[in-house]
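# Secondary and tertiary structure notes
One letter stands for each residue in the lines below.
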Amino acid sequence: MKIVLVEKKDGRCEKFDEKKSHDVFCRAALNAHLSVAEAGKLADKAMKDLKQFLKSKRKIKSTELFMQKIKILKKYNKEAAFLYKTHRDVN
């Protein structure tokens, strides 16, 4: 995957971290009471979607990335998406 920069609210940029995003998806799924195995599978599928979305990007605002993660989570588990959206400490 090519390097994608994530622009933070304060203007700083950092390299997109696949592991961090995978962990976010996994923790959101665990908080929605999925088993560890189910959470891992959901995170894998969600990461595939997220990487596809980021393919055409060079830079993305952190808020847009956050909203895209919610959209992807909704596709697989509405409760996990809700928890991620309303409890930012999940990530």
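Everything below is about the structure printed above this text.
Source: prediction; values computed, not measured.

A tally of helices and strands in the protein yields four helices and three strands. Traced from its N-terminal end to its C-terminal end, the protein shows the element sequence β-β-α-α-β-α-α. Taken over C-alpha atoms, the radius of gyration comes to 13 Å for the protein, in line with the 12 Å a tight globule of 91 residues would show. Taken along the three principal axes of its C-alpha coordinates, the protein extends 35 × 25 × 20 Å. Counting every position in the protein, which comprises 91 residues, the buried fraction comes to 38%. For the protein, the accessible area works out to roughly 5,900 Å², and carbon and sulfur atoms hold 53% of it.

Note: α-helices contain 3.6 residues per turn, so residues at a spacing of three or four share the same orientation. Inspection of helix 4 (residues 78–86) places A80, A81, L83 and Y84 among the buried residues, and these make up the whole buried set. Taken around the axis of helix 4, the buried residues stretch over an arc of 165°, which confines them to a single face. Opposite the buried face of helix 4, by more than 90 degrees, sit the exposed residues K78 and F82. On its buried face, helix 4 is in contact with helix 1 (18–31) and helix 3 (62–76). Measuring from the side-chain oxygen of the N-cap residue of helix 4 to the backbone nitrogen of E79 gives 3.1 Å; that N-cap residue is N77.

All right, on to the nonpolar core then. Counting 27 residues, the largest nonpolar core has F16, F25, L50, L54, L65, L73 and Y84 as the members making the most contacts within it. In terms of residues, this core owes the most to one element, helix 2 (residues 36–54), which gives seven residues. Residues contacting L65, with those up to four places away along its chain left out, are V6, F16, L50, L54 and I60.

This paragraph deals with the packing of aromatic side chains. Applying the stated criterion across every chain yields a total of one aromatic pair. A ring pair is formed by F66 and Y84, whose centres lie 4.9 Å apart and whose planes are at 45°; its orientation type is tilted. In this pair, F66 is assigned in helix 3 and Y84 in helix 4, connecting sequence segments 18 residues apart. Under the relative-accessibility criterion, Y84 is labelled buried at 1%.

The next point concerns the pattern of salt bridges. On inspection of all chains with the given rule, the structure shows nine salt bridges. Residue R12 pairs with D10 through a salt bridge whose shortest N-O separation is 2.8 Å. Look at R12 and you get partly exposed, because its relative accessible area is 48%. The exposure class of D10 is exposed, given its relative accessible area of 55%. For K75, the salt bridge is made with D49, and the minimal N-O distance between the two is 3.0 Å. Here D49 lies in helix 2 and K75 lies in helix 3, a separation of 26 residues in the sequence. Among the ionic contacts, a cluster of salt bridges with common partners joins E7, K59 and K61.

Cut-off values and rules
Residues numbered from 1 in each chain as written. Predicted model: local features only at pLDDT ≥ 70, side-chain atom pairs only at ≥ 80, totals over all residues. Heavy atoms only, no water. Helix = DSSP H or I, 4+ residues; strand = E, 2+ residues; numbered from the N terminus. Rg over C-alpha atoms; globule rule 2.2 N^0.38 Å. Buried < 20%, exposed > 50% of the residue type's maximum accessible area, 1.4 Å probe, protein only. Areas by Shrake-Rupley, 256 points an atom, 1.4 Å probe, with all protein chains shown as cover. Arc of directions from axis to C-beta. Contact = heavy atoms within 4.5 Å. Polar contact = N/O pair within 3.5 Å; in protein donor to acceptor, adjacent residues only side chain to side chain. Core = buried A, V, L, I, M, F, W, Y, C linked by side-chain atoms within 4.5 Å. Phe/Tyr/Trp six-rings, centres within 6.5 Å; stacked < 30°, edge-to-face > 60°. Salt bridge = Lys/Arg side-chain N within 4 Å of Asp/Glu carboxyl O.

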